[in-house]
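Structural features, examined
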Amino acid sequence: APRLRAARLASSIRKTPFARRLSCKTQECRGGIQASKTPASRRVRSSIASAQIYTEPNPVTVELPAEEAGSVAQRNEAAPLGVLVLNLGGPETLEDVEPFLYNLFADPDIIRLPPPLRALQPLLAKLLSSTRAPKSREAYNSIGGGSPLRKITEEQGSALQEALREKGQDAKVYVGMRYWKPFTEESIEQIKKDGIKELVILPLYPQFSISTSGSSLRLLAEIFKQDKQLSELQHTVIPSWYQRPGYVSAMCDLIQAELEGFENKEKVEIFFSAHGVPKSYVEEAFDPYQDEMEHSVQLIMKELRKRGVQNHETLAYQSRVGPVEWLQPYTEDAIQDLANSGVDDLLVVPISFVNEHIETLEEIDMEYRELAEEAGIKNWGRVPALNSYPGFIEDLADAVLEARPYIGAIGGVIDDEALVPGGAVQELVSMYDNANEKPLVAWEWGWTRNAETINGRIAMIALAALGCFDLLSGL
């Protein structure tokens, strides 16, 4: 079943003009689908992964050669280049917590209900946000009464704008949040008012996931589809950028700096903690997140080895919620296992986060540190998020400049390391949706992929039913 699934995805993608821009990592390449033998490419996933809503047919078009694509960017050199930076968003006050959580849980890319139950999503979101709000308020109160995510993201945007101008590119950077202010819709309206003709869309998530970059891109696809002015806006997307040398180098800089604070730095376990996602996202929806995360750790450790750092590393996943299985190992379990194996020194690296926020300042710095100390870890350290680290901002500016020649052309920047190719918003979303329409087989003998899928959906149905019952009981 997995082979048939992968073959169908590959066949569907090969039919799209955009597939010709997909790069190959090994000698075996058919129709632009990667056949990499690296651990980060164990599954065939080369396209945008997101929930199956808000789609329209991908238009038939002709791919432009790189030279013609460059001429597209030259048409509007007199106008500033727009850069839309996308992020999650976070409550700025304790009063914002519950409505923020509602926006989060109301997103079908976060809670993927089966089609018959999607009408219940608002009720489920209301229940979950109201029941989780008290605990979340405590967490935000412990870090100062609100999330610093907006402030830090806006600082990153200002630094990126300045870096682009120093490189000779007149640019205006906009910040759009998915679940809180400034909302993506507000930023798009400002882009329209400013008369931006060319736009580079840059999610601030190094690795792509349907629950982060995918959700924001799907929202943009819907906004663009409903607005004629926006449908004509020339743009391109940088869906993920974990493989960029500048990002890898910046991460290594921060890791090395923190290692210096340990007395026996050679014995320190480098512990990469990534935001988790449900396992079904990877196995059902072909989310490339796990592959990109593993590849990201490999690239960072490879660079550290070149710098003489020979420490052992661990990758684990944090922040799981709900009854379904998430990517493993879980951070709390991995910390306990390392302590049991005799590890005394632990350096935590928040690998999927480039901003300090609730999951670094409270979950890692408080919850996981307390767990580690109780488990027997003697020396604890944590690498700070990149925030506006100069080398990181410089690399983002280079990424934007490298993407500009592809604005208005089919496809995006060709990168041999990338698992998710660039391109236009609707093109990427439609390409994935067209490849992901295989119907679920209702019954097969044995422990099959379909059995796992059905079990996961039964769990989500049970959660939705229980939530709605509790909500109605309280009315």
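1. So, the pattern of salt bridges
Using the criterion set out here, one finds 25 salt bridges in the structure. A salt bridge links R150 to E154; the shortest N-O distance between them is 3.0 Å. Taken together, the positions of R150 and E154, both in helix α5 (residues 149–166) and 4 residues apart, correspond to about one turn of that helix. Among the ionic pairs, K265 bridges to E260, the shortest N-O distance being 2.7 Å. Given a relative accessible area of 31%, K265 falls into the partly exposed group. Take E260: its relative accessible area is 54%, and that puts it in the exposed class. Each of E92, R150 and E154 takes part in salt bridges that share partners, so that together they form one network.

2. Things to note about the sheet that holds strand β6 (residues 313–318)
Ordered in space as β6-β5-β7-β8, the 4 strands form an open sheet in which the pairing is parallel. A strand with exactly one partner marks an edge of an open sheet, and here the two such strands are β6 and β8 (379–382). With strand direction ignored, the average angle separating the axes of adjacent strands in the sheet is 25 degrees. Sheet topology places strand β7 (residues 345–350) next to β8; 4 bridges connect them, and they run parallel. Its bridge partner being in β8, V348 is matched across the sheet by R382. Each of β5 (269–275), β7 and β8 is contacted by helix α9 (residues 245–259), which is oriented at about 155 degrees to β7, the strand it contacts most.

3. A look at the sheet that holds strand β4 (residues 234–237)
Across the sheet, 4 strands lie side by side as β2-β1-β3-β4; this open sheet has parallel pairing. The open sheet has two free edges, formed respectively by β2 (171–177) and β4, since each of these has just one partner strand. Ignoring which end each strand starts from, the neighbouring axes of this sheet average 20 degrees apart. On the sheet, helix α6 (residues 184–193) packs against β1 (81–87), β2 and β3 (198–203) and is oriented at approximately 155 degrees with respect to β2. Helix α14 (residues 390–403) rests against β1, β3 and β4 of the sheet, and its axis sits at about 135 degrees to β3.

4. Description of the nonpolar core
Ranked by internal contacts, the top residues of the largest apolar core, which has 79 residues, are I255 and F272. With 8 residues, α9 is the largest single contributor of residues to this core. With sequence-adjacent residues up to four places away left out, I255 is seen in contact with I270, F272, I300, L304, L347, V349 and V383. Listed in part, the 19 residues of the second largest apolar core include I111, L117, A133 and I358.

5. A look at α5
An ideal rise of 1.5 Å per residue puts 26 Å on 18 residues; α5 measures up with 26 Å between its terminal C-alpha atoms. Every buried residue belonging to α5 is among L149, I152, T153, Q156, G157, L160, Q161, A163 and L164, and all of these are buried. Buried residues belonging to α5 abut β1, β2, β3 and α14. Following α5 by one or two positions, G168 has its phi on the positive side, about 90 degrees.

Here is what the cut-offs are and how they apply
Residues numbered from 1 in each chain as written. Predicted model: local features only at pLDDT ≥ 70, side-chain atom pairs only at ≥ 80, totals over all residues. Heavy atoms only, no water. Salt bridge = Lys/Arg side-chain N within 4 Å of Asp/Glu carboxyl O. Helix = DSSP H or I, 4+ residues; strand = E, 2+ residues; numbered from the N terminus. Buried < 20%, exposed > 50% of the residue type's maximum accessible area, 1.4 Å probe, protein only. Pairing = 2+ DSSP bridges. Axes fitted to C-alpha atoms, helices over the stretch in contact; angles between N-to-C directions. Contact = heavy atoms within 4.5 Å. Core = buried A, V, L, I, M, F, W, Y, C linked by side-chain atoms within 4.5 Å. Expected span 1.5 Å × (residues − 1).

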